[in-house]
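As a plain string of letters, each chain reads:
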Amino acid sequence: YEVRGDMPDLTAVRFNDKASSIKVSRGEWQVCEDINYQGRCWTFSRDEGLFGRDLNDRISSIRRVR
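Residues numbered from 1 in each chain as written. Predicted model: local features only at pLDDT ≥ 70, side-chain atom pairs only at ≥ 80, totals over all residues. Heavy atoms only, no water.

K.L.:
Quick one: what's the story with the overall build of the chain, residue by residue and with numbers?
P.N.:
The number of helices and strands found in the chain is 0 helices and 3 strands. When its helices and strands are written in sequence order, the chain yields β-β-β. The C-alpha atoms of the chain give 10 Å as radius of gyration, which agrees with the globular expectation for 66 residues (11 Å, within 12%). Split into buried and exposed, the 66 residues of the chain put 29% on the buried side. Taking the contacts inside the chain whose residues are at least 6 apart along the sequence as the reference set, 68% of them involve residues at least 24 apart. About 4,600 Å² of surface is accessible on the chain, with carbon and sulfur atoms providing 40% of the total. The averaged location of the 11 negative side-chain charges in the chain is 4 Å from the averaged location of its 12 positive side-chain charges. (Helix = DSSP H or I, 4+ residues; strand = E, 2+ residues; numbered from the N terminus. Rg over C-alpha atoms; globule rule 2.2 N^0.38 Å. Buried < 20%, exposed > 50% of the residue type's maximum accessible area, 1.4 Å probe, protein only. Contact = heavy atoms within 4.5 Å. Areas by Shrake-Rupley, 256 points an atom, 1.4 Å probe, with all protein chains shown as cover. Lys, Arg positive; Asp, Glu negative; His and termini not counted. Charge placed at Lys NZ, Arg CZ, Asp CG, Glu CD.)

K.L.:
Help me get a handle on the nonpolar core, residues and values and all.
P.N.:
Of all hydrophobic cores here, the largest spans 12 residues; its members are M7, L10, A19, I22, V24, W29, V31, F44, F51, L55, I59 and I62. In this structure, I22 is in contact with V31, F44, R46, D47, E48, F51 and I62, ignoring residues within four places of it in sequence. (Core = buried A, V, L, I, M, F, W, Y, C linked by side-chain atoms within 4.5 Å.)

K.L.:
Can you break down the state of the cysteines residue by residue, with the values?
P.N.:
Using the criterion set out here, one finds 1 disulfide in the structure. What pairs with C32 in a disulfide is C41, and their sulfur atoms sit 2.1 Å apart. Judged by the torsion about the S-S bond (110°), the C32/C41 disulfide is right-handed. According to the relative accessible area criterion, C32 is buried, its value standing at 0%. With relative accessibility at 31%, the residue C41 sits in the partly exposed group. (Disulfide = S-S within 2.5 Å.)

Written out as structure tokens, the structure is:
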């Protein structure tokens, strides 16, 4: 699923808890395990081919931080 801006709740696009990787074209992005950027969060500024167990299929929100 391509994200172009902040998405506080991925259930709105039926992509909650489905991401297994991230491709970052530019900037820095924060992904969080709960909606509204709550719970554990991780920040990425480059591609991550496959998430580890802690993050795989657990992303519920994403936003650009830089």
